[in-house]
Amino acid sequence: MPPASPAAAAAHFRASLAFHADVSDVAATLAADGDPGFVVLDSRSTESWDQGHVPGAIHLPTALIPEQAEQLLDKSVPVVTYCWGPGCNGATRAALALAQLGFQVKEMLGGFEYWVREGFEFETWEGHERRKPDVLTAPADAADCGC
């Protein structure tokens, strides 16, 4: 199978950026002063949420989105969904459910797994935690990956 034309590839990758957010970009935007311009939504179960979640995230399991999203979220504010990680499509299902309700939405690639693996702070029912960055997901001696 030959590669797509440069124009088709550009259209595909431009569209991908409209649908996906990178863990490090979300973290950097949340860490900056001021309104990030979006809310983060954790679509996992309560048990998963209790194990750890992105600070400031809204907890709304995917199954509850149809009945609770409009009470918890503002349709004028984009939503970034996440679930466990790249092996889980829960964030995709949550994003679909929100889009069908009229919300602007992106999926955070890597999910909670990569949030933790890249060394970003997370919350549990016991408080805040941070783990050392995994050198397979984040540079050991640099502020960012440069991508």
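Before any of the text, the structure's been laid out above.
Criteria and cut-off values
Residues numbered from 1 in each chain as written. Predicted model: local features only at pLDDT ≥ 70, side-chain atom pairs only at ≥ 80, totals over all residues. Heavy atoms only, no water. Helix = DSSP H or I, 4+ residues; strand = E, 2+ residues; numbered from the N terminus. Rg over C-alpha atoms; globule rule 2.2 N^0.38 Å. Buried < 20%, exposed > 50% of the residue type's maximum accessible area, 1.4 Å probe, protein only. Contact = heavy atoms within 4.5 Å. Areas by Shrake-Rupley, 256 points an atom, 1.4 Å probe, with all protein chains shown as cover. Pairing = 2+ DSSP bridges. 1 Å grid on protein atoms, 1.4 Å probe; cavity = no way out; pocket = protein on both sides within 12 Å on 5 of 7 lines; lining within 4 Å. Points joined across faces, edges and corners; volume = space filled by probe spheres on them. Nonpolar A, V, L, I, M, F, W, Y, C, P; charged D, E, K, R; others polar.

## Regarding the overall build of the protein chain
Stage number 1. Counting secondary structure elements, the protein chain contains 6 helices and 7 strands.
Stage number 2. Scanning the protein chain from its N terminus toward the C terminus, one meets helices and strands in the order α-β-α-β-α-β-α-β-α-β-α-β-β.
Stage number 3. Relative to a compact globule of 147 residues, whose C-alpha radius of gyration would be 15 Å, the protein chain shows 16 Å and is just as compact.
Stage number 4. Counting the 147 residues in the protein chain, one finds 35% classified as buried.
Stage number 5. If you take every contact in the protein chain between residues at least 6 apart in sequence, the share linking residues at least 24 apart comes to 63%.
Stage number 6. When the accessible surface of the protein chain is split by element, carbon and sulfur atoms take 57% of a total near 8,800 Å².

## Comments concerning the sheet that holds strand β3 (residues 58–59)
Stage number 1. Pairing is parallel in the open sheet, where 5 strands are placed in the order β1-β5-β4-β2-β3. The outermost strands of the open sheet, each flanked by one partner alone, are β1 (20–22) and β3.
Stage number 2. With 4 bridges connecting them, strand β2 (residues 39–42) and strand β4 (residues 79–82) associate as parallel partners. Pairing of Val39 across the sheet is with Val79, part of β4.

## Topic: the side chain of Ser43
Stage number 1. Here Ser43 is to be found in the loop between β2 and α3 (46–51).
Stage number 2. On the basis of relative accessibility, which here comes to 5%, the residue Ser43 falls in the buried class.
Stage number 3. Once you skip the residues sitting within four places of it in the chain, Ser43 turns out to touch Leu60, Pro61, Thr62, Tyr82, Cys83, Gly90, Ala91 and Ala94.

## Quick notes on the layout of surface pockets
Stage number 1. Taken as a whole, the second largest pocket encloses approximately 170 Å³ of empty space.
Stage number 2. Going through the elements one at a time, β1, α2 (23–31) and β5 (105–109) are the ones with two or more residues in the lining of the second largest pocket.
Stage number 3. Residues belonging to the lining of the second largest pocket are distributed by class as follows: 6 nonpolar, 2 polar and 3 charged.

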